[in-house]
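Next come the chains, spelled out residue by residue.
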Amino acid sequence: MPAARAGPTRSRTTAPRSRRGPVGDDRLGQLLLVAHRKSGLWLPAGGHVEPGESPWAAVVRECREELGIEAVASPITGELPLFLTVTRTLGQGAHTDVSLWHLLIADADTITDYDHGEFDAIRWLTGEEVLERPAGLLDPHMHRFTRKLRHVRWTRG
């Protein structure tokens, strides 16, 4: 099995409109994070669900657009999200961001490029490395997600 690596609505939170697709390399026990230009934070790749698009279809599209890879669902969750978060964003155009976090798998060496318009860099980190990073540099839910992922993996054996 490949190793694991580790969007908003404007004042409407009736349906998730954004999604995160944490990519993991299980073989190396790492998560892929991106340095997002607009937010100034390290977070999982992801984006908005387009009108009429299912959340999983958005995952597939965003993986192709942002990372140049095909989305492969983790056997832990399949095409269902592992995590749901609601966050009020800051700055100009602040809005409520409802995100579904789908867990994906990839080999670290298959991601050789990324969307340079959206991201300054990408980095593979172990769960421990994610948890050692100051929370203010990451997606506000990244530490909680990482702990949940560790628990889910541990309980699955």
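Residues numbered from 1 in each chain as written. Predicted model: local features only at pLDDT ≥ 70, side-chain atom pairs only at ≥ 80, totals over all residues. Heavy atoms only, no water.

Colleague: Would you mind showing me how to read the pairing of strand 4 (residues 30-36) here?
Modeller: Moving residue by residue along a regular strand, the side chains alternate between the two faces of the sheet. Among the seven residues of strand 4, seven are classified as buried, and the element is accordingly described as predominantly covered. Where burial is concerned, the two faces of strand 4 agree: the one with Q30, L32, V34 and H36 and the one with L31, L33 and A35 are both buried. What sits between the antiparallel neighbours strand 3 (residues 23-25) and strand 4 is a turn of four residues, in which G29 has the positive phi angle 65°. Relative to strand 10 (residues 119-126), strand 4 is paired through six bridges, and the arrangement is antiparallel. Looking at the pairing, L33 lines up with R123 of strand 10. (Buried < 20%, exposed > 50% of the residue type's maximum accessible area, 1.4 Å probe, protein only. Helix = DSSP H or I, 4+ residues; strand = E, 2+ residues; numbered from the N terminus. Pairing = 2+ DSSP bridges.)

Colleague: Looking at this structure, I do not really get the environment of V23. What am I missing?
Modeller: When you line up the elements, V23 lands in strand 3. Sequence separation of V23 and S74 is 51 residues, and the distance between their C-alpha atoms is 9.0 Å.

Colleague: How do you make sense of the nonpolar core when you look at a structure like this?
Modeller: Most often, soluble globular proteins have nonpolar side chains that are buried together. Membership of the largest hydrophobic core comes to 19 residues, with the highest contact counts inside it found for V23, L67, L104 and I111. Elements supplying a minimum of two residues to this core: strand 4, helix 1 (55-67) and strand 10. Look past the residues within four positions of I111 in its chain and what remains in contact with it is V23, L32, L67, I69, A106, I122 and W124. Listed in part, the 13 residues of the second largest apolar core include L31, F83, W101 and L103. (Core = buried A, V, L, I, M, F, W, Y, C linked by side-chain atoms within 4.5 Å. Contact = heavy atoms within 4.5 Å.)

Colleague: Quick question: what am I supposed to make of the packing of aromatic side chains here?
Modeller: For any pair of aromatic rings, the description consists of the separation of the ring centres together with the inter-plane angle of the planes. Here the structure, examined in full by the defined rule, presents three aromatic pairs. Residues F83 and W101 carry aromatic rings whose centres are separated by 5.4 Å and whose planes lie at 85° to one another, so their mutual orientation is edge-to-face. One end of the pair, F83, is in strand 7 (residues 83-88); the other, W101, is in strand 8 (residues 96-101), and 18 residues separate them in sequence. An identical accessibility class is assigned to F83 and W101; each is buried. (Phe/Tyr/Trp six-rings, centres within 6.5 Å; stacked < 30°, edge-to-face > 60°.)

Colleague: Looking at this model, I keep getting lost on helix 1. Mind explaining?
Modeller: Working note: α-helix, 3.6 residues per turn, so residues spaced by three or four point in the same direction. Taking 1.5 Å of rise per residue, 13 residues should cover 18 Å, and helix 1 covers 17 Å from first to last C-alpha, within 8% of that figure. For helix 1, the set of buried residues is W56, A58, V59, R61, E62, C63, E66 and L67. Once helix 1 finishes, G68 follows within two positions and takes phi at roughly 70°, a positive value. (Expected span 1.5 Å × (residues − 1).)

Keep in mind these values describe shape, not function.
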